[in-house]
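# Observations on the model geometry
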Amino acid sequence: MQRISLAIHGGAGTILKTDITPELEKAYLQGLQDALTAGYALLEQGGSATDAVTLTVEILENNILFNAGCGAVFTKDGTHEMDAAIMSGKDLSAGAVAGVSNIRNPVALATAIMRNSDHVFLSGKGAYDFAMNQGIATAPEDYFFSQFRYDQWMQIRNSDTYALDHSKESELIVEVKDKKFGTVGAAACDGEGNIAAATSTGGMTNKKYGRIGDTPMIGAGTYANNNTCAISCTGHGELFIRAVAAYDVSCLMEYKGLSLEAAMNEVVNNKLVKILGEGGMVGVDAAGNVALIFNSEGMYRGAKSSDGTSFVRIYKEE
Ligand code: ASP
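Because the structure is a prediction, the values reported are computed rather than measured. (Residues numbered from 1 in each chain as written. Predicted model: local features only at pLDDT ≥ 70, side-chain atom pairs only at ≥ 80, totals over all residues. Heavy atoms only, no water.)

Time to look at the overall build of the chain. The helix and strand inventory of the chain stands at eight helices and 12 strands. Radius of gyration (C-alpha) of the chain: 17 Å, near the 20 Å computed for a compact globule of 318 residues. Viewed in the frame of its principal axes, the chain has a C-alpha envelope of about 55 × 45 × 35 Å. Across the 318 residues in the chain, those meeting the buried criterion constitute 58%. Residue pairs at least 24 apart in sequence account for 68% of intrachain contacts in the chain once pairs closer than 6 positions are excluded. Entry remark: accessible area of the chain is about 12300 Å², with carbon and sulfur atoms responsible for 51%. In the chain, the 25 positive side-chain charges and the 37 negative ones have mean positions that sit 3 Å from each other. (Helix = DSSP H or I, 4+ residues; strand = E, 2+ residues; numbered from the N terminus. Rg over C-alpha atoms; globule rule 2.2 N^0.38 Å. Buried < 20%, exposed > 50% of the residue type's maximum accessible area, 1.4 Å probe, protein only. Contact = heavy atoms within 4.5 Å. Areas by Shrake-Rupley, 256 points an atom, 1.4 Å probe, with all protein chains shown as cover. Lys, Arg positive; Asp, Glu negative; His and termini not counted. Charge placed at Lys NZ, Arg CZ, Asp CG, Glu CD.)

Here is the structure:
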């Protein structure tokens, strides 16, 4: 019988138990659980992998704790510019959006691009115009505001540095070792053995020049192919782009016959480590196998499968 599975993440990085209050820890775990439960319920009801990853990522975008949608980080100009992507492993269709503002759920826009346009990747004002054409929900700037991200931005807004989200001041500079990433993503395998992945992010605090990370780039931060895997990444985007991380997992499976877990392990713990690419990824294959691999201290993550797997976790040692 076809196994159904869902794997999710809410970002990776230097996430240490000693840095998080019990209340915040509980809130993160609850946020992950809510998304996992809703996405898995859709799969159980016969929903498609693409619908399940869209719904799951929307729920994480709506949670202010994560750096996507509501709660996205601030740019150098004090705005929010968000990126998202989705890919269907069934027919290799894909949709992606970069540098959009005032879109309530960027993943919904990526899904509309995949389903209702001749294109894969739209950016900026054009993407916004397409969203209006599709009736995609918008929100005013203050909907995306969070005090925590604002305080982070205030610490570095007058500098030329840019930073990974929700780090402490001492950790804010991108060159320093300690970093955290709050991008969200999901990979799902549905009852028909189709797989899909979706990822969404606000990018990096104080980013400028229209900086785009790996999240919306098909093959870098997001990829899906029924013959191999569906992957959603989180981490230092520049390195994931250079490693073509998500597609590299697929290539190792397709051309070298590696299992999902072995291929992800090779990319995350060998290839990315060699270029100091900190972060992680979640993945599924068409048999419903699930893997969640990261080379950082922690990764907000969870998985649920019809084989009985069900967990949400944060730290490495669990
Ligand atoms: N990968 C994202 C980026 O570089 C950041 C993250 O994962 O939090 O934009």
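With that out of the way, let us pick up the packing of helix 7 (residues 245–256) against helix 8 (residues 260–274). Orientation of helix 7 relative to helix 8, taken along the N-to-C sense of each, is 130°, at an axis distance of 9 Å. When the interaxial angle is binned, helix 7 and helix 8 end up oblique. Note on packing geometry: the crossing formed by helix 7 with helix 8 is right-handed. In contact with A245, D248, V249, L252 and M253 of helix 7, helix 8 contributes L260, A263, M264, E266, V267, K271 and L272. Split into classes, the residues belonging to the contact of helix 7 with helix 8 amount to nine nonpolar, no polar and three charged. (Axes fitted to C-alpha atoms, helices over the stretch in contact; angles between N-to-C directions. Parallel < 35°, antiparallel > 145°, perpendicular 65-115°, else oblique. Left-handed = near helix turned anticlockwise from the far one by under 90°. Nonpolar A, V, L, I, M, F, W, Y, C, P; charged D, E, K, R; others polar.)

Attention shifts here to the pairing of strand 6 (residues 195–201). Most of strand 6 is tucked away, with seven of its seven residues classed as buried. Here strand 6 shows no split at all, with I195, A197, T199 and T201 on one side and A196, A198 and S200 on the other all buried. Looking at chain direction, strand 5 (residues 184–189) and strand 6 are connected through six bridges and run antiparallel. Of the residues in strand 6, the one forming a bridge with A188 is A196. Counting the residues between successive antiparallel strands, the hairpin from strand 5 to strand 6 contains five residues, one of them, G193, with a positive phi of roughly 80°. (Pairing = 2+ DSSP bridges.)

This next bit is on the site of the ligand. In the neighbourhood of the ligand, 12 residues make up the surrounding shell, with T183, R211, D214, T234 and G235 lying closest. A distance of 2.7 Å separates an oxygen atom of the ligand from a polar side-chain atom of T234. For the ligand, whose free accessible area comes to 270 Å², the fraction covered by protein is 100%. Residues belonging to the shell around the ligand are distributed by class as follows: one nonpolar, eight polar and three charged. (Near = heavy atom within 4 Å. Polar contact = N/O pair within 3.5 Å; in protein donor to acceptor, adjacent residues only side chain to side chain.)

Attention now goes to a nonpolar patch on the surface. A cluster of nonpolar side chains, namely V120, F121 and I218, defines an oily patch on the protein surface of about 230 Å² accessible area. Structurally, the position occupied by I218 is in the loop between strand 6 and strand 7 (222–224). For I218, a relative accessible area of 33% corresponds to the partly exposed category. (Patch = residues over 30% accessible without salt bridge, like charges linked within 9 Å, V, L, I, M, F, W, Y side chains within 5 Å. Salt bridge = Lys/Arg side-chain N within 4 Å of Asp/Glu carboxyl O.)

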